[in-house]
Amino acid sequence: MDLVVLSTGMVPSRHSVKLIETLGLNKDSYGFLTEVHGCLKPQETTNMGIYICGCAAGPKNIPSSVSTASAAASKAAILLSKDTIIQELIIAEVDENLCMGCQRCEKLCNYGAIKVDRDSIAQVDDLKCKGCGVCASSCPAHAIDIKYHRDIQFVEEIKGICCTELEYKEEYVDTIELITEKLKSLTP
Ligand code: SF4
Ligand code: SF4
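This structure is a prediction, so every number in the text was calculated from the model and none was measured. (Residues numbered from 1 in each chain as written. Chains lettered and ligands numbered in written order. Predicted model: local features only at pLDDT ≥ 70, side-chain atom pairs only at ≥ 80, totals over all residues.)

Quick look at the overall build of the chain
Here's step 1: Secondary structure assignment for the chain yields 6 helices and 4 strands.
Here's step 2: Start at the N end of the chain and walk to the C end: the helices and strands fall as α-α-β-α-β-β-α-β-α-α.
Here's step 3: Residues counted as buried form 16% of the 188 residues belonging to the chain.
Here's step 4: Taking the contacts inside the chain whose residues are at least 6 apart along the sequence as the reference set, 47% of them involve residues at least 24 apart. (Helix = DSSP H or I, 4+ residues; strand = E, 2+ residues; numbered from the N terminus. Buried ≥ 20, exposed ≤ 12 C-beta atoms within 10 Å, placed from the backbone. Contact = placed C-beta atoms within 7 Å.)

Laid out in structure tokens, this is it:
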């Protein structure tokens, strides 16, 4: 071999840091913007209406840049073509009486949808929240529930599954009691 040709290294734009901070977007360890999911939600960011393409999401050749730009433009056009936006109702809700302002939920939320306010109470941004449940499952005070998927609803579902018209099935009684006791202990 007589010749080795290396491509020039590529780094994110120096302005992207400010952009990411301002728009509340996610980045990878190299500082490039990241999509919500490369396969299921390509070009989409955690902020509805903001799409990324080309080298904003990492080094790409020209064909890839053009195709991702077309995809991003199409998604933006679809969003703008609607008169109304349907808001998902399955989102997080915080029990202010239980929240102790530890900020764990804020740090873990990938969508920047929950923030602790000046009164040390976590507040959910209904438009940003995707109802993923990460905050609810990680809150040490059990202060967060997901609407329509509250713990108490699951307990009732389990009871429904385990019940017959005649009586509880014996093998499930202990489990139900355990869950019920746990929930009682969480009630302020
Ligand atoms: S993790 Fe729970 S206790 Fe901590 S700030 Fe969030 S809601 Fe409040
Ligand atoms: S449910 Fe998910 S998206 Fe919504 S606030 Fe909690 S972690 Fe963020």
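As for the site of ligand 2
Here's step 1: Residues in contact with ligand 2 amount to 14 residues; listed here are only the nearest, Cys109, Ile114, Cys129, Cys132 and Cys135.
Here's step 2: Residues belonging to the shell around ligand 2 are distributed by class as follows: 11 nonpolar, 2 polar and 1 charged. (Near = placed C-beta within 6 Å. Nonpolar A, V, L, I, M, F, W, Y, C, P; charged D, E, K, R; others polar.)

Re the site of ligand 1
Here's step 1: Neighbouring ligand 1 are 14 residues, the closest being Cys99, Cys102, Cys105, Ala122 and Cys139.
Here's step 2: When grouped by side-chain class, the residues that make up the shell around ligand 1 number 11 nonpolar, 2 polar and 1 charged.

Side note on the nonpolar core
Here's step 1: Ranked by size, the top nonpolar core spans 17 residues in total, and within it Ala92, Val94, Cys105, Ile114, Val124, Cys135 and Ile144 carry the most contacts.
Here's step 2: Residue assignment for this core shows that the elements contributing at least two residues are strand S1 (92–94), strand S3 (122–124) and helix H4 (134–138).
Here's step 3: Apart from the residues lying within four places of it in its own chain, the contact partners of cysteine 105 are Ile114, Ala122, Cys135, Ser138, Cys139 and Ile144.
Here's step 4: Grouped together as the second largest cluster of nonpolar side chains are 7 residues, Tyr51, Ile52, Cys53 and Ala56 included. (Core = buried A, V, L, I, M, F, W, Y, C linked by C-beta atoms within 7 Å.)

Concerning the environment of glutamine 43
Here's step 1: With respect to the element layout, glutamine 43 can be found in the loop between helix H1 (16–23) and helix H2 (62–80).
Here's step 2: On a C-alpha basis, the gap between glutamine 43 and alanine 71 in space is 7.1 Å, while along the polypeptide they are 28 residues apart.
Here's step 3: Ignoring sequence-local partners within four residues, the contact set of glutamine 43 consists of Glu35, Tyr51, Ile52, Cys53, Thr68, Ala71, Ala72 and Lys75.

Let's talk about unusual backbone geometry
Here's step 1: Positioned with a positive phi, glutamine 43 is a non-glycine residue whose angle comes to about 75°.
Here's step 2: We note that serine 120 has phi near 60°; this positive angle belongs to a residue other than glycine.
Here's step 3: Position of serine 120 among the secondary structure elements: in the loop between strand S2 (114–116) and S3.

Things to note about H1
Here's step 1: With 0 of 8 residues buried, H1 lies mostly on the surface of the structure.
Here's step 2: Just beyond H1, the residue with positive phi is glycine 24, at close to 65°.

Some words on the environment of alanine 57
Here's step 1: Within the secondary structure, alanine 57 sits in the loop between H1 and H2.
Here's step 2: In this structure the C-alpha to C-alpha distance between alanine 57 and proline 12, which are 45 residues apart in sequence, comes to 8.6 Å.
Here's step 3: Apart from the residues within four sequence positions on either side, alanine 57 is in contact with Phe32, Leu33, Thr34, Glu35 and Ile52.

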